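The primary structure of each chain is shown beneath.
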Amino acid sequence: MTSLVRYLPGASPLVLDSPHSGTHYPADFLYACDLSVLRHAEDTHVEKLYDFAPALGAHWIEAYFPRSYLDANRNTTEIDVSLLDAPWPDAIATDPKVLSKVRLGKGLIWRTTDEGVPIYGRKLAVAEVQARIKQCWEPYHAAVAQAIDAAYLQHGYSLHINCHSMPAFASSHATDFPGEEHADFVVGDRDGSTANPALSRLVCQHLEGLGYRVAYNHPYKGVELVRRYSKPTEQRQSIQLEINRKLYMNEETLAMTPNFKSLQASLRSLIELLLKTDTRRL
């Protein structure tokens, strides 16, 4: 839809999106930390893990911009006002739970890396942040909404998987559980509010059957993209799926390991299962 968002329409009820795997760092980012440090914020290679999905009929949406520039999985109200050189003119979230990531430096615009390294050596102009919303957040969300609507209109239901990766161990400023060792996969449906729990169980059981260690709604329940575009009672299902990076890459060098192909085969088997699953019958 734009140079910063890729949308490949599909023909199935399945919609996949990867909001955090972008590697195109815009010239106006003007970050102050080392790029090598900043790159560890990426959901590295997630777009490659699912590169088979469009050929199977899945809708695919992908952000080319990095999550540290703008996090498309946040609401536009999740503004870290400490970053700005003037008052924010629009709505700002007040719910303490919503603001927990802002306090960690992970609002719509990141203040720090997952390790707590400051990203900027300056204040950001309000117009600068507004431009990022217009150029990145709005087209990304428009693509996800368009894909889910198209899937639903064609099939009578939609199944949305929000695709992510996570480090083997939680960093100091990444979650409310610093240092925690992550499972191989985390399946999140915001405590059953964004997907039929039977669908989430199906995903968990399939991955466990392949030999993986799977956690459910901990420490990642799902955030804005599954919250905003789901309505399980109307057969609009959304699940956030986190993959442990140790399964397919070297977290220091960002290089893919030989295990990449076996993990991708497991993901393909999951996607093939979901393509055969009519969520109305669960």
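Description of the structure in this document. (Residues numbered from 1 in each chain as written. Predicted model: local features only at pLDDT ≥ 70, side-chain atom pairs only at ≥ 80, totals over all residues. Heavy atoms only, no water.)

As for the sheet that holds strand 2 (residues 14-18)
Next up, step 1: Here we have seven strands laid out as an open sheet, ordered 1-3-2-4-7-5-6, and mixed in their pairing. Looking at strand neighbours, the two that pair on one side only are strand 1 (5-8) and strand 6 (214-216), the edges of this open sheet. Ignoring which end each strand starts from, the neighbouring axes of this sheet average 20° apart.
Next up, step 2: Here strand 4 (residues 158-166) runs beside strand 7 (residues 236-244); their pairing, made up of nine bridges, is parallel. Across the sheet, Asn162 pairs through a bridge with Gln240, a residue of strand 7.
Next up, step 3: Packed onto the sheet, helix 4 (residues 126-155) meets strand 1, strand 2, strand 3 (59-63), strand 4 and strand 7 and runs at close to 170° relative to strand 3. (Pairing = 2+ DSSP bridges. Helix = DSSP H or I, 4+ residues; strand = E, 2+ residues; numbered from the N terminus. Axes fitted to C-alpha atoms, helices over the stretch in contact; angles between N-to-C directions. Contact = heavy atoms within 4.5 Å.)

Quick look at the pattern of salt bridges
Next up, step 1: Inspection of the entire model under this criterion finds 17 salt bridges.
Next up, step 2: Between Asp43 and Arg67 there is a salt bridge, and its shortest N-O distance comes to 3.5 Å. One end of the pair, Asp43, is in the loop between helix 1 (35-38) and helix 2 (46-49); the other, Arg67, is in the loop between strand 3 and helix 3 (100-103), with 24 residues separating them in the sequence.
Next up, step 3: Given the relative accessible area of 0%, Asp43 is considered buried.
Next up, step 4: Look at Arg67 and you get buried, because its relative accessible area is 13%.
Next up, step 5: One network of salt bridges, with partners in common, ties together Asp43, Arg67 and Arg245. (Salt bridge = Lys/Arg side-chain N within 4 Å of Asp/Glu carboxyl O. Buried < 20%, exposed > 50% of the residue type's maximum accessible area, 1.4 Å probe, protein only.)

Some points on the layout of surface pockets
Next up, step 1: Empty space within the largest pocket amounts to approximately 890 Å³.
Next up, step 2: Lining the largest pocket are 37 residues, and of these Arg74, Ser100, Lys101, Gly222 and Val223 lie nearest its centre.
Next up, step 3: Contributing elements (two or more residues each) for the lining of the largest pocket: helix 3, strand 4, helix 6 (224-229) and strand 7.
Next up, step 4: Per element, the largest residue contribution to the lining of the largest pocket is three residues, and it comes from strand 4.
Next up, step 5: Class assignment of the residues belonging to the lining of the largest pocket gives a composition of 10 nonpolar, 11 polar and 16 charged. (1 Å grid on protein atoms, 1.4 Å probe; cavity = no way out; pocket = protein on both sides within 12 Å on 5 of 7 lines; lining within 4 Å. Points joined across faces, edges and corners; volume = space filled by probe spheres on them. Nonpolar A, V, L, I, M, F, W, Y, C, P; charged D, E, K, R; others polar.)

Here we look at the pairing of strand 7
Next up, step 1: Counting buried residues along strand 7, nine of its nine residues qualify, which places the element largely inside the surrounding structure.
Next up, step 2: Here strand 7 shows a buried face lined by Arg236, Ser238, Gln240, Glu242 and Asn244 and a second buried face lined by Gln237, Ile239, Leu241 and Ile243.
Next up, step 3: Alignment of strand 5 (residues 185-188) against strand 7, held across four bridges, turns out to be antiparallel. Of the residues in strand 7, the one forming a bridge with Gly188 is Gln240.

So, the side chain of Asp184
Next up, step 1: Relative to the helices and strands, Asp184 is located in the loop between strand 4 and strand 5.
Next up, step 2: In terms of polar contacts, Asp184 uses its side chain to reach the backbone amide nitrogen of Arg213, at 2.8 Å.
Next up, step 3: The residues contacting Asp184, other than those within four sequence positions of it, are Met166, Tyr212, Arg213, Glu242, Ile243, Asn244, Lys246 and Leu247. (Polar contact = N/O pair within 3.5 Å; in protein donor to acceptor, adjacent residues only side chain to side chain.)

Some thoughts on helix 4
Next up, step 1: Taking 1.5 Å of rise per residue, 30 residues should cover 44 Å, and helix 4 covers 42 Å from first to last C-alpha, within 8% of that figure.
Next up, step 2: Two residues or fewer after helix 4 comes Gly156, characterised by a positive phi angle close to 85°. (Expected span 1.5 Å × (residues − 1).)

A few points about the nonpolar core
Next up, step 1: Formed by 38 residues in total, the largest nonpolar core has its most connected members in Ile61, Phe65, Leu70, Ile109, Val129 and Tyr140.
Next up, step 2: Top contributing element to this core by residue count: helix 4, with 11 residues.
Next up, step 3: Residues contacting Tyr140, with those up to four places away along its chain left out, are Val5, Asp17, Ser18, Pro19, Ile61, Glu62, Ala63, Phe65, Ala72 and Leu225.
Next up, step 4: Judged by nonpolar contacts, the second largest core, of 34 residues, contains Val187, Ala195, Tyr248 and Phe260. (Core = buried A, V, L, I, M, F, W, Y, C linked by side-chain atoms within 4.5 Å.)

Overview of the environment of Leu30
Next up, step 1: Topologically, Leu30 is positioned in the loop between strand 2 and helix 1.
Next up, step 2: As for Leu30 and Arg122, which are separated by 92 residues in sequence, their C-alpha atoms are 9.1 Å apart.

Description of empty space enclosed by the protein
Next up, step 1: For the structure shown, the criterion picks out two cavities of 30 Å³ or more.
Next up, step 2: Estimated volume of the largest cavity: approximately 40 Å³.
Next up, step 3: Looking at the largest cavity, the residues that line it are Ile79, Asp80, Leu83, Leu84, Ile109 and Val129.
Next up, step 4: A breakdown of the residues in the lining of the largest cavity according to their chemical character gives five nonpolar, no polar and one charged.
Next up, step 5: In this structure, the second largest cavity encloses a volume near 30 Å³.
Next up, step 6: Around the second largest cavity, the lining residues are Pro13, Leu14, Tyr157, Leu159, Leu274, Leu275 and Thr277.

Don't take any of this as a statement about function, it's just geometry.
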